[in-house]
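Chain by chain, the residues run as shown.
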Amino acid sequence: ISKQPRFFLTLIMSMLLLLANADNLCPFSCACFENTETVTCLNVNMEDVPSDFPLWVQTLTVSGNNITTLIGNAFTTNGTSLELLSTLSLSDNNIQNIEASAFERLPNLKALDLSKNHLTYISSDAFRGLRELRNLSLNSCLTKSAVIQLSSALASDSLGKLKRLELSANHIKSIPPLIFDSFNLEVLILTNNSIQSVEREVVNKWLENKKMHVYLEFNPFVCDCTLESLYLWVKNSSQCPDASRLRCSEPESVKGTLVMRLKKEEVDCRNPDLETVSYVFLGIVLALIGVIFLMVLYLNREGIKRWLNNIREACRDQMEVYHYRYEQDSDPRLANVAV
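Model, not experiment: these values are computed from the prediction.

Colleague: Help me understand the side chain of serine 115, please; the structure alone is not making it clear to me.
Modeller: Counting through the fold element by element, serine 115 comes out in the loop between β9 (111-113) and β10 (121-122). The residues touching serine 115, leaving out its near neighbours within four places in the chain, are Leu90, Ser91, Asp92, Ser137, Leu138, Asn139 and Cys141.

Colleague: Would you mind going over the pattern of salt bridges with me for this structure?
Modeller: Two side chains with opposite charge may pair up if their charged atoms get near one another. Inspection of the entire model under this criterion finds 5 salt bridges. In this structure, aspartate 125 and arginine 128 form a salt bridge, with 2.8 Å as the shortest nitrogen-oxygen distance. According to the relative accessible area criterion, aspartate 125 is partly exposed, its value standing at 30%. With relative accessibility at 32%, the residue arginine 128 sits in the partly exposed group. Residue arginine 134 is joined to glutamate 132 by a salt bridge in which the shortest nitrogen-to-oxygen separation is 3.2 Å. Beyond isolated ion pairs, a larger network of salt bridges with shared partners links Glu132, Arg134 and Lys161.

Colleague: Help me understand the packing of aromatic side chains, please; the structure alone is not making it clear to me.
Modeller: Remark: the centre distance and the inter-plane angle together describe each pair of aromatic rings, the angle taken between the planes. For the structure shown, the criterion picks out 3 aromatic pairs. With a centroid separation of 5.9 Å and 10° between ring planes, the pair formed by phenylalanine 75 and phenylalanine 103 is classed as stacked. Here phenylalanine 75 is found in the loop between β4 (69-70) and β5 (76-77), whereas its partner phenylalanine 103 is found in the loop between β8 (97-98) and β9, with 28 residues between them in sequence. Judged on exposure class, the residue phenylalanine 75 and its partner phenylalanine 103 are both buried. With centroids separated by 4.9 Å and ring planes inclined at 45°, the aromatic side chains of tryptophan 206 and tryptophan 233 adopt a geometry described as tilted. Placement of the pair is tryptophan 206 in helix α3 (residues 200-208) and tryptophan 233 in helix α4 (residues 228-236), with a sequence separation of 27 residues. The residues tryptophan 206 and tryptophan 233 share a single accessibility class, namely buried. In textbook terms, an aromatic cluster arises when at least three aromatic residues are bridged by ring pairs, as seen for Phe75, Phe103 and Phe127.

Colleague: Explain the nonpolar core here, please?
Modeller: Nonpolar side chains tend to gather and get buried jointly when the protein is soluble and globular. Among the nonpolar cores identified, the biggest contains 75 residues, and Leu70, Phe75, Phe103, Leu112, Phe127, Trp206 and Leu216 are the most heavily contacted of them. Elements with a minimum of two residues in this core: β2 (38-42), β3 (59-63), α2 (144-154), α3 and α4.

Colleague: So what exactly am I meant to see when it comes to α2 here?
Modeller: Of the positions making up α2, those classed as buried are Ala146, Leu150, Ser151, Ala153 and Leu154. Looking straight down α2, one finds its buried side chains confined to an arc of 165°; they lie on one side. Turned more than 90 degrees away from the buried face of α2, the exposed residues are Lys144 and Ile148. Buried residues in α2 make contact with β10, β11 (135-137) and β12 (164-166).

Colleague: Quick question: what am I supposed to make of the pairing of β2 here?
Modeller: Looking along a regular strand, one sees the side chains alternate between the two faces of the sheet. The pairing of strand β1 (residues 31-33) with β2 spans 3 bridges and is antiparallel. By the bridge assignment for β2, alanine 31 is matched with threonine 40. Hairpin connection between β1 and β2: a loop of 4 residues separates the two successive antiparallel strands, and glutamate 37 in this loop has a positive phi of roughly 55°. Two strands pair when backbone bridges link them, and β2 and β3 are joined in this way by 5 bridges, in the parallel orientation. Its bridge partner being in β3, threonine 40 is matched across the sheet by threonine 61.

Colleague: Please explain the sheet that holds β2 as it appears in this structure.
Modeller: By definition, the strands of a sheet pair up through backbone hydrogen bonds, in either a parallel or an antiparallel sense. One open sheet accounts for 9 strands, arranged β1-β2-β3-β7-β9-β11-β12-β13-β14; its pairing is mixed. Each end of this open sheet is capped by a strand with a single partner; those strands are β1 and β14 (213-215). This sheet shows a mean twist of 5° between the axes of neighbouring strands, independent of strand direction.

Colleague: Please clarify how a nonpolar patch on the surface should be interpreted in this entry.
Modeller: Among the surface-exposed residues, Leu282, Val285, Leu286 and Ile289 lie close enough to one another that they form a single nonpolar patch of about 350 Å² accessible area. Its place among the elements puts leucine 286 in helix α5 (residues 272-299). Looking at leucine 286, the relative accessible area reads 53%, which means it is exposed.

Colleague: Please clarify how the state of the cysteines should be interpreted in this entry.
Modeller: As used in these notes, a disulfide is a covalent bond between sulfur atoms, one from each of two cysteines. One pass over the structure, following the stated rule, counts 3 disulfides. Through a disulfide, cysteine 30 is tied to cysteine 41; the S-S separation comes to 2.0 Å. The sign of the 110° torsion about the S-S bond sets the cysteine 30-cysteine 41 disulfide as right-handed. Residue cysteine 30 is found in the loop between α1 (3-20) and β1, and its partner cysteine 41 is found in strand β2; the two are separated by 11 residues along the sequence. Here cysteine 41 falls in the buried class, since its relative accessible area comes to 0%.

About the thresholds
Residues numbered from 1 in each chain as written. Predicted model: local features only at pLDDT ≥ 70, side-chain atom pairs only at ≥ 80, totals over all residues. Heavy atoms only, no water. Helix = DSSP H or I, 4+ residues; strand = E, 2+ residues; numbered from the N terminus. Contact = heavy atoms within 4.5 Å. Salt bridge = Lys/Arg side-chain N within 4 Å of Asp/Glu carboxyl O. Buried < 20%, exposed > 50% of the residue type's maximum accessible area, 1.4 Å probe, protein only. Phe/Tyr/Trp six-rings, centres within 6.5 Å; stacked < 30°, edge-to-face > 60°. Core = buried A, V, L, I, M, F, W, Y, C linked by side-chain atoms within 4.5 Å. Arc of directions from axis to C-beta. Pairing = 2+ DSSP bridges. Axes fitted to C-alpha atoms, helices over the stretch in contact; angles between N-to-C directions. Patch = residues over 30% accessible without salt bridge, like charges linked within 9 Å, V, L, I, M, F, W, Y side chains within 5 Å. Areas by Shrake-Rupley, 256 points an atom, 1.4 Å probe, with all protein chains shown as cover. Disulfide = S-S within 2.5 Å.

By themselves, these are just geometric observations and shouldn't be taken as functional.
Spelled out as structure tokens, the structure:
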């Protein structure tokens, strides 16, 4: 019986000592540099995020491991928030799932790099709590399903201060306009994707945010009518810094041509051939109406002839009356006779 109080006392003392030395903790197989406030965990094949980072860490790099899932509140030290952490790099960790509130205990995080992973699931609340986040890198890490889920995740109210979003090399084909409604980006990187054209609604969103710069190089643009909105935007705006390097991949007649060197009529949505066909069709319709009108006149020629004769007789009678009245007015003798 006397040993139990001693055991609990030892346990409590150990916990207090652990908390007191939290600033000096360093996860196994990681390197901690207090003088630069940096912790690195590189290529050590860890499968879970450690829970014993030092509280002084400001730059944390966990890369080259096998962390397949980021659970909620993944980055804490014994349940304590990493208040000072401002830069977090999680590139090349084989991360596949990001659960809700994975980064919620990082209130001052400003830069997050998730590049070179294999994301298949992103919770709509994955970025909850990142109210100070300025830079988000998601290069070469999104599967098709994750691209669809990303729109909801980026719509989080927490990302109101996000300024730079990198989505390079993700096989993105279309850009959901909704991802621009929750924050005012200044830099959007969409290079090396599968974008063939950009919808007018998205271009209008970019135009509304005059501070935004969009990078679009190495996309297979189809330079036809569907590219008109983007073409006019890059020609008349300075928001695309790499506009001079955008090239056409289709149709074959302009393959490899710089988008900026296209002629307006090559991307004009008003098809000249269609207009010609329309004019020809209109001419045919008018000619048909004319033929029908002539046929009606021919079939009713007798009635029309009688109608014209009646009009002519009525006009002649009326003219005779006018002529007789004119003679009376001009010859007083005729007027006396009439009296």
